[in-house]
Amino acid sequence: MTTLWQQRPTERHPTQIPPRGATGKRKQRTSFDLLAVPLLGGILRRPGSRLLVQIPVLFVSLVMIAHAFWGPQLAPKNLAALLTWVHFRGLVVLVLLLGGNFFCMGCPFMLPRELARKLHSPRWQWPKKLRNKWPAITLFVGVLFAYELFDLFANPWWTGVLIVSYFAIALLVDSLFQRASFCKFVCPIGQFNFLGASLSPLEVAVRDTAVCDGCVTKDCIKGTANPHSQTGLPVVQRGCELDLFQPRKSGNLDCTFCMDCVYACPEDNIGVFARMPGEELTTVGPKSGMGIIERRGDFSALAVAFTFGALLNAFAMISPVYALENSIASATGLTVEWPILSAIFALFLIIEPAVLLGVTAFATQRVAGFNEGITAQVKRLAPSLIPIGFGVWLAHYAFHFLTGALTVVPVAQNAVRQSFGKAWFGNPQWQLGGLPESVVYAIELGFLALGLIGSIAVAWTLLRQSSFPSQIKNVERVALQATAPWAVFYLTLFVSAVWIMNQPMDMRGTFLGG
Amino acid sequence: MQHAFSKTFRLSMFVGLLVLAAVGCEQSTAPSSPQATGKAEVTFAPQPPTTGECALTITLTDSTGAPFKDATLTVEGNMNHAGMKPSFATMEESDQEGVYTGTIDFTMGGDWFLLIHADGQNGESIETKVDVPGVNAK
Ligand code: SF4
Ligand code: SF4
């Protein structure tokens, strides 16, 4: 249900931050605007247009749930396993790369919540202590862990449980808590999409900051009130529930592409504009709804989990991980997988990043003579982790998607034939697969190289903005030297990723030969 | 808009539930995971199997333990992970009754399973799933 923005006692209302245009220069966007595209733009600007994507996705989700529980319990023949682990993941990263966060826009988990909010308005505010990325980081790592432990990629039933749990948790959180609490603080897919969308070429942004300077309603954040109401209630079109105030919004972080701000803005001053992918990662200072990300430990931890999680998720698919599991098992005498997997997760998601980032920041400190502490430097440079992390996710998920994109055809044909007893879609064409691995390998390398270049470029841009000691005269040269340890660090991640992608894919669900 | 939303939403939920019911009925027409009605013993050369062409020997016996001879046999290899094209083996009965030989292409290392379906001459059939864990990448 739509709710008015309610100011939290210790937080500044987003509209209290002066619009950029009031303090800085007027900014007018003239780049490509998706909302200006004939027909498509008109459709997207209409309130409720999101349903055009959400309803088909909800429909597909229901089919997947049914097939997960009642279809064949063989992953390659099951729509839930296939669409979740091959098509959904592959399309998410490709759409983020080529467009923006359109998967959050089409998110089906929001439909039951909308229905629930029609019956009952949530009363509570999301707990203050949890207004950060830690709950989502915990869930993100939890899903990666469950994926390896339960071999979700090979298990339709558990995949179905995961989808249903997702619907249930989204419904529960947003039935109890106001605004978009689930998207902003809980959803691990959302956090993945937010980070990935920082590298997208499209961004929801204001057309002309001068229009915002003269705006008195600020409907993009407050929502549009009933014009005949004295009290401003009820709100007939909600504003941004993720606390992103358009004139101060910078980039795609935390933006679900829900278009509520577009529907609410009375001046039609918001569009979906083309921009330089990744540029937002190089801007420092306060961002609406995000605060100062370079000072947020939770944001740095999210970037670390995103990047090292990408490597771990790919590493877990190749033979050396089984050798590692077996050697831990024989050294410790353990015969169950979860403690061994926990040790591997701790090694790759905590110890390895701490050591590598600590050594890199220390080297930079020495080279550039920064006064800045190592932790502060790591937090400031954390956004530069995102491009290489995204490159690894892209390479991994694009591999599965591009090599198996057409397998959905025979699996769907088979499901229809078995469900209805008639081959309405024809007999299964099992010979359909996807692109040859050799072609996809070249694409994977391209994604990894893009990630490497992006990470080094972001690190260099951020380091150029450092406060250098006054005795340093040639700032450009020192900034370049300061970047060298980060470049070596990213090169190490790149080489590790290339090594992983070069290993024969060994998708083994068995542990200890069991 | 709100009214239109409810209407569209209710309609889509209704259609969704219908599909759920239809797909949910699938099990009544096809078992989700084939259960063995006879026995199939599979050996590979090389053993353990590696990626690439692999020789298969399948010995079929019926529920009484007698050789299951003159059967039409289909062998479909799949990986545990979704999104991989299945591999079909070409099988022929050898000189020994109930023993069939052929080759299958394991296109990738990892866990595989074989779906074996054999139709006998007198209407009997054997349908079973044989796990092939840990096909080694060369
Ligand atoms: S409602 Fe529109 S014009 Fe007003 S501040 Fe928001 S984006 Fe700018
Ligand atoms: S309302 Fe907020 S989350 Fe939705 S598109 Fe606008 S800025 Fe993004």
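Because the structure is a prediction, the values reported are computed rather than measured.

Here's the deal with the overall build of chain B
In terms of regular secondary structure, chain B is built from two helices and seven strands. Counting from the amino terminus, chain B carries its helices and strands in the arrangement α-α-β-β-β-β-β-β-β. Relative to its 138 residues, chain B shows a buried fraction of 49%. Put simply, 60% of the contacts in chain B that link residues at least 6 apart link residues at least 24 apart. When the accessible surface of chain B is summed, it comes to about 7000 Å², and 54% of that surface belongs to carbon and sulfur atoms.

A short note on the overall build of chain A
When you go through chain A residue by residue, the secondary structure sums to 21 helices and five strands. The globule rule puts the C-alpha radius of gyration for 514 residues at 24 Å, and the 24 Å found for chain A is close to it. Overall size of chain A, expressed as C-alpha extent along the three principal axes, is 65 × 65 × 40 Å. A burial count over chain A gives 57% of its 514 residues as buried. Carbon and sulfur atoms provide 67% of the accessible area of chain A, an area that totals close to 20800 Å². Separation of charge centres in chain A, based on 41 positive and 28 negative side chains, amounts to 5 Å.

Comments concerning the site of ligand 1
Around ligand 1 there are 13 residues in total, and Cys212, Cys215, Asp219, Cys220 and Cys265 of chain A lie nearest to it. Counted by class, the shell around ligand 1 contains eight nonpolar, two polar and three charged residues.

Structural notes on the nonpolar core
Core analysis: the biggest nonpolar cluster contains 108 residues, and Leu56, Ile58, Leu60, Leu114 and Ile116 of chain B have the highest contact counts within it. Of all hydrophobic cores here, the second largest spans 66 residues; its members include Leu82, Met105, Ala146 and Phe257 of chain A.

So, the pattern of salt bridges
Evaluated as defined, the whole model comprises 22 salt bridges over all chains. We note a salt bridge from Arg275 of chain A to Glu280 of chain A, for which the minimum N-O separation is 2.8 Å. Note that Glu97 of chain B is salt-bridged to Lys69 of chain B, the shortest N-O span being 3.6 Å. Residue Glu97 of chain B is located in the loop between strand S4 (87-93) and strand S5 (99-106), and its partner Lys69 of chain B is located in the loop between strand S2 (52-61) and strand S3 (72-79); the two are separated by 28 residues in the primary sequence. With relative accessibility at 48%, the residue Glu97 of chain B sits in the partly exposed group. Through salt bridges that share partners, Arg113, Glu114, Arg117, Asp174, Arg238, Glu241 and Asp260 of chain A make up one connected network.

Re a nonpolar patch on the surface
Together, Leu39, Ile43, Leu52, Val53 and Val57 of chain A make up an exposed nonpolar region whose accessible area comes to about 440 Å². Relative to the assigned elements, Ile43 of chain A resides in helix H2 (residues 40-45).

Here we look at the pairing of S5 of chain B
Regular strands show a simple pattern: their side chains alternate between the two faces of the sheet. All names here are of chain B. Sheet topology note: the S2/S5 ladder contains eight bridges and is antiparallel. Bridge pairing in S5 places Ile58 opposite Tyr100. The sheet contact formed by S4 and S5 spans four bridges and is antiparallel. For Glu93, the partnering residue across the bridge sits in S5 and is Tyr100. Once S4 ends, the chain turns through five residues before running back antiparallel as S5, passing Gly98 with a positive phi of about 80°.

With respect to helix H17 (residues 374-381) of chain A
Residue and element names in this part refer to chain A. For H17, every residue scored as buried is listed here: Gln377, Val378, Arg380 and Leu381. What you see down the axis of H17 is that its buried residues fit within an arc of 165°, all on one side. In this fold, the buried residues of H17 make contact with helix H16 (337-368), helix H18 (385-404), helix H20 (437-464) and helix H21 (475-502).

Comments concerning the state of the cysteines
Residues and elements named next belong to chain A. By the definition in use, this model includes zero disulfides over all chains. The structure places no disulfide on Cys104, whose sulfur is separated from the nearest cysteine sulfur, that of Cys187, by 6.5 Å. Residue Cys104 is classed as buried on the basis of its relative accessible area of 10%.

Brief notes about unusual backbone geometry
In this structure, Pro46 of chain B follows Ala45 of chain B across a cis peptide bond, with omega equal to 5°. Considering the arrangement of structural elements, one finds Pro46 of chain B in the loop between strand S1 (39-45) and S2. Geometrically, the link from Gln47 of chain B to Pro48 of chain B is a cis peptide bond, its omega value of 0° lying close to zero. Positionally, Pro48 of chain B belongs in the loop between S1 and S2. One non-glycine residue, Phe257 of chain A, adopts positive backbone phi at about 55°. In this structure, Phe257 of chain A sits in the loop between strand S3 (235-237) and helix H13 (260-264).

Focus: the environment of Tyr166 of chain A
All names here are of chain A. Mapped onto the elements of the fold, Tyr166 is located in helix H8 (residues 156-176). Sequence separation of Tyr166 and Cys187 is 21 residues, and the distance between their C-alpha atoms is 8.7 Å. Excluding residues within four positions of it along the chain, Tyr166 makes contact with Phe109, Phe182, Cys187, Pro188 and Ile189.

Rules used throughout
Residues numbered from 1 in each chain as written. Chains lettered and ligands numbered in written order. Predicted model: local features only at pLDDT ≥ 70, side-chain atom pairs only at ≥ 80, totals over all residues. Heavy atoms only, no water. Helix = DSSP H or I, 4+ residues; strand = E, 2+ residues; numbered from the N terminus. Buried < 20%, exposed > 50% of the residue type's maximum accessible area, 1.4 Å probe, protein only. Contact = heavy atoms within 4.5 Å. Areas by Shrake-Rupley, 256 points an atom, 1.4 Å probe, with all protein chains shown as cover. Rg over C-alpha atoms; globule rule 2.2 N^0.38 Å. Lys, Arg positive; Asp, Glu negative; His and termini not counted. Charge placed at Lys NZ, Arg CZ, Asp CG, Glu CD. Near = heavy atom within 4 Å. Nonpolar A, V, L, I, M, F, W, Y, C, P; charged D, E, K, R; others polar. Core = buried A, V, L, I, M, F, W, Y, C linked by side-chain atoms within 4.5 Å. Salt bridge = Lys/Arg side-chain N within 4 Å of Asp/Glu carboxyl O. Patch = residues over 30% accessible without salt bridge, like charges linked within 9 Å, V, L, I, M, F, W, Y side chains within 5 Å. Pairing = 2+ DSSP bridges. Arc of directions from axis to C-beta. Disulfide = S-S within 2.5 Å.

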